[in-house]
Amino acid sequence: MWTLIVLAGFGALKLVHGNAELQLDPIASRILREALADGIELALFNFTAPALQEIVAWAHFDVRKSGIPEGLLRAARNATTVDVHAHHVPNWFRAIEPSDGGMPSPAWTLESQLQHMANQSIGRSILSIPKPNEFLGDKNATAAIARLLNENTAALVKVLPNRFSFFATSALPYVDESLTEVKRAVETLGAVGVALTSNHEGKYLGNPEFARFFTGMEAMNAIVFVHPANPLMETAGGLVLANPTLYPQGIAEFFFETARTFMDLALSRTLQNLTHLNWIIPHVGGSLLSIIDRSITGRSEETTAIMQAFHTRCWWDSAGITYAHQLGGLLAYNISPSFLLYGSDWPWIPAALVDPAFDAIATSPFLNDAQKLAMRSENVKRLFEGKIGI
Ligand SMILES: *[C@@H]1O[C@H](CO)[C@@H](O)[C@H](O)[C@H]1NC(C)=O
Ligand SMILES: *[C@@H]1O[C@H](CO)[C@@H](O)[C@H](O)[C@H]1NC(C)=O
Ligand SMILES: *[C@@H]1O[C@H](CO)[C@@H](O)[C@H](O)[C@H]1NC(C)=O
Ligand SMILES: *[C@@H]1O[C@H](CO)[C@@H](O)[C@H](O)[C@H]1NC(C)=O
Ligand SMILES: *[C@@H]1O[C@H](CO)[C@@H](O)[C@H](O)[C@H]1NC(C)=O
């Protein structure tokens, strides 16, 4: 397939408008053309060519001839778990994001993903790459990355539609571009919701600039999956990566990021006002649980509305080792176990933690066996109501 795409000396506009278009795979041509119609000039970016290669490869991928063992392609009868916190890592994306959260971006293959799913009895993974912000302050590059990620993920999901779904990538902090992108990803590419990060270029999700974005999501009854990101700090020289401790951000800062952004969503009233949005909160809330009394309900007169949102429209994924003790803190707020979801965070979870995370759920003192089983599959069906087959 490679030879169909002319990549050397990628003279973009020629490819889009000139005869050279004939040499492109029709899928690549379509993507370039449709992006251009939305004001995204993909051809200007040096990540576009490798991204299109990967997308075209997925579009022509024949999984039956791929050498992936047949036994991995179908879910085992008892593999009823739905993983709402799962990431793939396209090679072109890893090249522009070699690390995140202070950890190297892992290599990812479809076969290793399916092997992981088999190991954990996962029937369906909802894939996401929530962060398009690889070039801070560059709106065009951010919109281009979001578009290519959505096309890439949609093409990958089509390879095994019974095993995969995906959340759209937004172009936040750019609101107009994000509204276009997410609507398109949901309506034409089949995304089942949108994945955001705790902050987009230093702006937390309750930022007044994002109000219009969330009004748009409300109109779509969207499911919003939130993922932690590296904290950034505004300095005279612009935004810089902030990491106040000696540890990778993924270990400590990510949990604080979840707390910061849900505090912001509650104090800005985004959480309470927009009653058609459902939120998936990662890692059983991260450090959010520790600050609800003091920093959220303690600072707002809307305690009842905030707690009602936490009780009825927030869903909490299990990613990481969260069921040994942390879950007890969440349930202390009278959160119903029927709002708990399974998340693996694979392949970003360090290999050494995969089994401990599994065991922490299996031996958790906070849920009975029926509740643990529901956490893996029944609860998620209620949230997605027909949007995903299980
Ligand atoms: C892509 O372009 C950026 C500048 O826009 C440059 O920093 C980077 O090295 C280029 N990457 C490759 C693989 O050429
Ligand atoms: C599903 O069955 C396999 C093989 O019998 C077993 O190893 C696995 O633990 C089961 N999964 C669940 C979630 O019970
Ligand atoms: C699946 O489990 C096997 C056996 O424990 C292990 O060797 C392998 O690394 C696991 N694979 C993945 C992708 O998790
Ligand atoms: C961003 O894209 C728009 C529309 O294609 C273009 O007019 C503008 O010059 C671009 N901005 C930069 C900084 O490249
Ligand atoms: C929420 O609603 C209140 C009252 O109508 C309004 O003052 C506030 O601006 C709204 N905030 C958001 C983020 O929608």
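The name given to the protein chain in an unreviewed UniProt entry is Amidohydrolase-related domain-containing protein, with the source organism recorded as Mycena albidolilacea. As recorded by UniProt, the Sequence similarities (unreviewed entry) comment attached to the protein chain reads in full: "Belongs to the metallo-dependent hydrolases superfamily."

**Q** Any chance you could explain the overall build of the protein chain here in plain terms?
**A** If you tally the helices and strands in the protein chain, you get 17 helices and 15 strands. Against the 2.2 N^0.38 benchmark of 21 Å for 390 residues, the protein chain shows a C-alpha radius of gyration of 21 Å, consistent with a compact globule. Expressed as a percentage of its 390 residues, the buried residues of the protein chain come to 45%. Here the analysis covers contacts within the protein chain between residues at least 6 apart in sequence; of these, 79% occur between residues at least 24 apart.

**Q** What is the right way to read the environment of L189 from this model?
**A** With respect to the helices and strands, L189 occurs in the loop between α8 (175–187) and β7 (194–197). Sequence separation of L189 and T153 is 36 residues, and the distance between their C-alpha atoms is 9.1 Å. Every residue in contact with L189, bar those within four places of it in the chain, is listed here: N150, A154 and R184.

**Q** Would you take a moment to explain the sheet that holds strand β15 (residues 340–341) for this structure?
**A** Sheet strands associate in pairs through backbone hydrogen bonding, adopting either a parallel or an antiparallel arrangement. The strand order across the open sheet built from six strands is β6-β7-β10-β13-β14-β15, with neighbouring strands paired in parallel fashion. Of all strands in the sheet, those with a lone pairing partner are β6 (168–169) and β15, marking the two edges.

**Q** Would you mind showing me how to read the UniProt feature "domain: Amidohydrolase-related" (unreviewed entry) in the protein chain here?
**A** Here the UniProt feature "domain: Amidohydrolase-related" (unreviewed entry) sits at residues 82–384. Annotation note: span residues 82–384, helix share 43%, strand share 17%, distance between end C-alpha atoms 11 Å.

**Q** Would you take a moment to explain unusual backbone geometry for this structure?
**A** Most peptide bonds adopt trans geometry, and most residues besides glycine take a negative phi value. Residue P173 is bonded to the preceding L172 through a cis peptide linkage, with omega at 15 degrees. Note on placement: P173 falls in the loop between β6 and α8. Its identity is not glycine, yet S121 carries a phi of approximately 55 degrees, on the positive side. Relative to the helices and strands, S121 is located in the loop between α6 (110–119) and β4 (122–127). Residue classification places S121 among the partly exposed residues on the basis of 17 C-beta atoms within 10 Å. You will see that E201, though not glycine, has its phi angle at about 55 degrees, which is positive.

**Q** Even after reading the chapter, I still don't get the pairing of strand β11 (residues 232–235), so can you show me in this structure?
**A** In the sheet, β11 pairs with strand β12 (residues 238–241) via four bridges, with the strands oriented antiparallel. Bridging from a neighbouring strand, M233 pairs with V240 of β12. Taking the residues that link successive antiparallel strands as the turn, the β11-β12 hairpin has two residues.

The rules behind these values
- Residues numbered from 1 in each chain as written.
- Chains lettered and ligands numbered in written order.
- Predicted model: local features only at pLDDT ≥ 70, side-chain atom pairs only at ≥ 80, totals over all residues.
- UniProt positions renumbered as here; feature names shortened; annotations may be inferred.
- Helix = DSSP H or I, 4+ residues; strand = E, 2+ residues; numbered from the N terminus.
- Rg over C-alpha atoms; globule rule 2.2 N^0.38 Å.
- Buried ≥ 20, exposed ≤ 12 C-beta atoms within 10 Å, placed from the backbone.
- Contact = placed C-beta atoms within 7 Å.
- Pairing = 2+ DSSP bridges.

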